[in-house]
Each structure stands twice: as C-alpha cells, then as structure tokens.
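As a plain string of letters, each chain reads:
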Amino acid sequence: MDDEKPVLEHITDAMSSAAEVTKEAAKTAVKKVRKAAKRVAKKVTPNKKAAKKSKAAKKAGKKSSAKKSAKKSAKKAVKKTAKKKKKAKKSKR
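So, here's what we can say about the structure. Chains are numbered independently. Their residues run from 1 in the order of the written sequence. For a predicted model such as this one, the threshold for reporting local features is a pLDDT of at least 70, and the threshold for listing and counting side-chain atom pairs is 80 or more; totals across whole chains, interfaces and linings nevertheless cover every residue. Side-chain figures throughout are based on the complete set of non-hydrogen atoms in the structure, without hydrogens or water.

### Remarks on the overall build of the protein chain
Move 1: Per the convention used, a helix needs a DSSP run of H or I reaching at least four residues, while a strand needs a run of E reaching at least two, with both numbered from the N terminus. Helices and strands together make up the secondary structure of the protein chain, namely two helices and zero strands.
Move 2: Remark: exposure states derive from per-residue accessible area (1.4 Å probe, protein chains only) relative to the maximum for the residue type, with buried under 20%, exposed over 50%, and partly exposed in between. Expressed as a percentage of the 93 residues in the protein chain, the buried residues total 1%.
Move 3: Summed over its atoms, the accessible surface of the protein chain is roughly 9,600 Å², and 61% of this surface lies on carbon and sulfur atoms. In this description, accessible areas are obtained by the Shrake-Rupley approach with a 1.4 Å probe, and a residue is regarded as covered only by the protein chains that are shown.

Structure follows, in structure tokens:
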C-alpha cells in the first residue's frame with residue numbers, strides 16, 4: 001500500500017479492478033454459453049436434405065396410419081353386424 005494515496009482511493013481502485021474482472025468473466029461465460037447453444041442447435045436441427053426426407057417419411061407414416069384406421073373400422077363394423085345378427089336370432093327364439 002502506498003502511503004501517498006489515501007485509503008479511500010485504494011478501496012475504489014480495488015473495487016474497480018474487481019468489477020472489471022467480473023465483467024470479463026461474465027463476457028467469457030456468455031461466449032461459452034453461446035458456443036454451446038450453437039452446438040446443440042446444430043445437433044437438434046438436421047440439415048435440409050435430412051429434413052425433406054423426414055417430412056416425406058412423416059407423410060408416409062400418416063398415410064399408413066390412415067389405412068390402418070380404415071381397416072380397423074371395417075373390422076369393427078363386421079363384428080358389430082355379427083353381434084346384431086346373433087342378438088336377432090336369440091330374440092326370435
């Protein structure tokens with residue numbers, strides 16, 4: 001500590017240097033977080049070609065699910081009519 005400087009001046013210097021250090025640390029932390037976010041974004045969002053393929057695959061999946069539901073509804077209708085016929089036969093007896 002210099003004897004020529006008053007105590008208040010030493011304290012303000014120390015505080016300002018601490019503020020600068022924390023400011024720099026915050027900047028580096030922000031840079032690291034941005035870099036990490038970019039990496040994650042690259043992993044999460046596929047490239048355009050893969051996106052087009054996945055869209056086509058989704059459409060194909062939707063079509064097949066529609067076909068499946070149509071088949072299921074047809075099977076259910078057949079079962080319902082069979083049950084109705086059985087009930088009708090029982091009621092006639």
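### Side note on a positive patch on the surface
Move 1: Surface patches are drawn from residues lacking salt bridges whose relative accessible area is over 30%; two like charges belong together within 9 Å, two nonpolar side chains (Val, Leu, Ile, Met, Phe, Trp, Tyr) within 5 Å. Salt bridges are defined by distance alone: a side-chain nitrogen of Lys or Arg within 4 Å of a carboxyl oxygen of Asp or Glu. The convention is simple: Lys and Arg are positive, Asp and Glu are negative, and His and the chain ends are not counted. Every charge is mapped onto a representative atom, which is NZ of Lys, CZ of Arg, CG of Asp or CD of Glu. Where like charges cluster on the molecular surface, the positive patch consists of Lys-71, Lys-72, Lys-75, Lys-76, Lys-79, Lys-80, Lys-83, Lys-84, Lys-86 and Lys-87.
Move 2: Mapped onto the elements of the fold, Lys-84 is located in helix 2 (residues 48-92).
Move 3: Judged by its relative accessible area of 61%, Lys-84 is exposed.

### Details of a nonpolar patch on the surface
Move 1: On the surface, a cluster of nonpolar side chains totalling about 320 Å² of accessible area is made up of Val-7, Ile-11 and Met-15.
Move 2: Within the secondary structure, Ile-11 sits in helix 1 (residues 7-44).

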